[in-house]
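So the chains spell out like this:
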Amino acid sequence: MMKNNCFVALILTHGRPDNVHTVKTLRKCGYTGDIIIVLDNEDLKIDRYRKNYENIYVFDKQEIASETDEGDNFNDRRAIIYARNASFEIAKEKGYQYFIELDDDYTEFSYTYNQYGEMKQKNIINLDKVLDALIDFKNKTGALAVALAQRGDFIGGKQNNIVRGELLKRKAMNSFICDTNMPFKFFGKINEDVNTYTLLGSRGNLFFQIPHVSLNQVTTQQSNGGMTDIYLDSGTYVKSFYTIMYAPSCTKIRPMGSVYRRLHHSINWNNAVPKVIPENCKK
C-alpha cells in the first residue's frame, strides 16, 4: 500500500473500451491505489466503458477546449490535451492531492538498472513504493511534473545519452505525476507534452524524466482509437511543427531514423531552459 493515500492513477482514454491495458498492468506491477478512467463526453463508447469499468469520470470536452491554447483553428478535438488539462480539476474534485496521468496502452512498468548498476530491464512488482519515491522526489525538487522514461528513450546502444550516464532529463512525456496544488496547462493540440515542457521550462519551471524506471506501451498507430487517428491523418510532420510554434528559440525540425526516415522535432537544450551560473563566475 502507498504511504501517500492522497494519490490516484488517472487513465486517459478514448474510443477503445475493450483495450485499456493499463488497468491490468498497474495491478500486475503492484499498484494497489485508486484508479479513475477519464473519458470525454464526445466518446461514442461511454456506455461500453461503463459496462467494463466501475470508476469512470466523464468531462465536458468543449468546455475544456474553450480554456485550452490549442495552437490551431482546425476545430478537430481528437487529441489527449483536453483530458490532460481536465485532470487537475478531476483529481481535486475527487479529493486527491497527487495524481499520475497515464495513457491506456501500457503493457509493463520496469526498472532500468539491476542491483549492480547494470542496464537490465526488470519488471516492477512494487509499483506503490516506486510512485511514493517519485512523489518524494517531485516535492524535494519543486518540479511541476515528474515522468517515467519510455523504452524508446534507450535506443542507440552505447551512444545513448542514458547509457553514457545521463541520469536525469529535463523533460516529461507520456506519464505525468502532478500535484493539484501546483496546476499548469498543457499547450498545443498535438505534441502537447513537448510543447509544454519546452515552453514552461523556458520560464524556469522544472519537468523531470527519471530513467531508472520506465514504461512499455503498444506501438503508436498499431492500436485503433486514442490519438491514432489524428497521427495517421497528420503524421510527424505536422506534429513536430506545433513545438516550433511554441518554442522557436530552441527547437527545429530534422530528419530522424536510419532506415525509415521521418521529420521530427529536435531541441537545443542550451537555448531551452535557464541555467544556474557557478559562484566562481560572480563579479
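A brief structural summary. Since the model is a prediction, treat every value here as computed from it, not as a measurement.

1. Things to note about the overall build of the protein chain
Here's step 1: Within the protein chain, the secondary structure is distributed over eight helices and 11 strands.
Here's step 2: Taking 19 Å as the expected radius of gyration for a compact globule of 283 residues, we find that the protein chain reaches 19 Å, a close match to that expectation.
Here's step 3: Residues classed as buried in the protein chain amount to 52% of the 283 residues present.
Here's step 4: Expressed as a percentage of contacts within the protein chain between residues at least 6 apart in sequence, the contacts between residues at least 24 apart total 70%.
Here's step 5: Of the charged side chains in the protein chain, 37 are positive and 33 negative, and the gap between their average positions amounts to 8 Å.

2. What to know about the pairing of strand E6 (residues 119-123)
Here's step 1: By the bridge criterion, three bridges tie strand E5 (residues 106-113) to E6 in an arrangement that is antiparallel. Paired with tyrosine 113 across the bridge in E6 is methionine 119.

3. Describing the packing of aromatic side chains
Here's step 1: Overall, the coordinates contain 10 aromatic pairs when judged by the stated rule.
Here's step 2: Feature note: the residues Phe88, Phe99, Phe176, Phe184, Phe186 and Phe207 constitute an aromatic cluster, connected by ring pairs.
Here's step 3: Of note, arginine 84 hangs over the ring of phenylalanine 186, and the distance from its end group to the ring centre comes to 5.7 Å.
Here's step 4: Taking the ring centre of phenylalanine 154 as reference, the NZ or CZ of arginine 151 above it sits at 4.5 Å.

4. A short note on the pattern of salt bridges
Here's step 1: Enumeration according to the criterion identifies 13 salt bridges in this entry.
Here's step 2: Among the salt bridges present, the one from aspartate 104 reaches arginine 16, with a minimum N-O distance of 2.9 Å. Residue aspartate 104 is found in the loop between strand E4 (98-102) and E5, and its partner arginine 16 is found in the loop between strand E1 (7-12) and helix H1 (21-28); the two are separated by 88 residues along the sequence.
Here's step 3: For arginine 16, a relative accessible area of 9% translates into the label buried.
Here's step 4: The shortest N-O distance in the salt bridge between lysine 28 and glutamate 108 comes to 3.1 Å. Remark: glutamate 108 occurs in strand E5 and lysine 28 occurs in helix H1; sequence separation between them is 80 residues.
Here's step 5: Given the relative accessible area of 12%, glutamate 108 is considered buried.
Here's step 6: By sharing partners, the salt bridges in this structure join Arg84, Glu101, Asp103 and Glu192 into a single network.

5. A closer look at the environment of isoleucine 36
Here's step 1: Structurally, isoleucine 36 is set in strand E2 (residues 34-40).
Here's step 2: Residues isoleucine 36 and tyrosine 53, 17 residues apart in the sequence, show an inter-C-alpha distance of 9.1 Å.
Here's step 3: Residues within four places of isoleucine 36 in sequence aside, it is in contact with Val8, Ala9, Leu10, Ile11, Asn55, Tyr57, Lys94 and Tyr96.

6. Structural notes on the layout of surface pockets
Here's step 1: Put simply, the second largest pocket is a space of about 260 Å³.
Here's step 2: Contributing to the lining of the second largest pocket are 16 residues, with Ile64, Asn85, Ala86, Phe88 and Glu89 lying nearest its centre.
Here's step 3: Where the lining of the second largest pocket is concerned, the elements lending two or more residues are strand E3 (56-59), helix H3 (61-66) and helix H4 (81-93).
Here's step 4: At six residues, the largest contribution of residues to the lining of the second largest pocket is made by H4.
Here's step 5: Split by residue class, the lining of the second largest pocket holds eight nonpolar, two polar and six charged.

7. Some thoughts on the side chain of threonine 112
Here's step 1: Structurally, the position occupied by threonine 112 is in strand E5.
Here's step 2: Its relative accessible area of 1% is what places threonine 112 among the buried residues.
Here's step 3: Polar side-chain contacts of threonine 112 include one of 2.4 Å to the backbone oxygen of proline 211.
Here's step 4: Those residues in contact with threonine 112, other than ones at most four positions away along the chain, are Glu118, Met119, Lys120, Gln121, Arg151, Phe154, Pro211, His212, Val213 and Ser214.

8. Overview of H4
Here's step 1: Here H4 contains 13 residues, and its C-alpha end-to-end distance of 19 Å stays within 8% of the 18 Å for a straight helix at 1.5 Å per residue.
Here's step 2: Its maximal kink placed at serine 87, H4 deviates by approximately 35°.
Here's step 3: Within H4, 10 of the 13 residues are buried, leaving the element largely enclosed by the surrounding structure.
Here's step 4: Buried within H4 are the following residues: Ile81, Tyr82, Ala83, Arg84, Asn85, Ala86, Ser87, Phe88, Ile90 and Ala91.

9. As for the environment of alanine 86
Here's step 1: By the secondary structure assignment, alanine 86 is in helix H4.
Here's step 2: Linking alanine 86 and aspartate 104, residues 18 residues apart in sequence, is a C-alpha distance of 16 Å.
Here's step 3: If near-sequence neighbours (up to four positions away) are discounted, alanine 86 is found in contact with Phe59 and Ile64.

What counts, and at which threshold
- Residues numbered from 1 in each chain as written.
- Predicted model: local features only at pLDDT ≥ 70, side-chain atom pairs only at ≥ 80, totals over all residues.
- Heavy atoms only, no water.
- Helix = DSSP H or I, 4+ residues; strand = E, 2+ residues; numbered from the N terminus.
- Rg over C-alpha atoms; globule rule 2.2 N^0.38 Å.
- Buried < 20%, exposed > 50% of the residue type's maximum accessible area, 1.4 Å probe, protein only.
- Contact = heavy atoms within 4.5 Å.
- Lys, Arg positive; Asp, Glu negative; His and termini not counted.
- Charge placed at Lys NZ, Arg CZ, Asp CG, Glu CD.
- Pairing = 2+ DSSP bridges.
- Phe/Tyr/Trp six-rings, centres within 6.5 Å; stacked < 30°, edge-to-face > 60°.
- Lys NZ or Arg CZ within 6 Å of the ring centre and 35° of its normal.
- Salt bridge = Lys/Arg side-chain N within 4 Å of Asp/Glu carboxyl O.
- 1 Å grid on protein atoms, 1.4 Å probe; cavity = no way out; pocket = protein on both sides within 12 Å on 5 of 7 lines; lining within 4 Å.
- Points joined across faces, edges and corners; volume = space filled by probe spheres on them.
- Nonpolar A, V, L, I, M, F, W, Y, C, P; charged D, E, K, R; others polar.
- Polar contact = N/O pair within 3.5 Å; in protein donor to acceptor, adjacent residues only side chain to side chain.
- Expected span 1.5 Å × (residues − 1).
- Bend = angle between axes of the 7 residues up to and from the residue.

Geometric descriptors of this kind do not, in isolation, establish any biological role.
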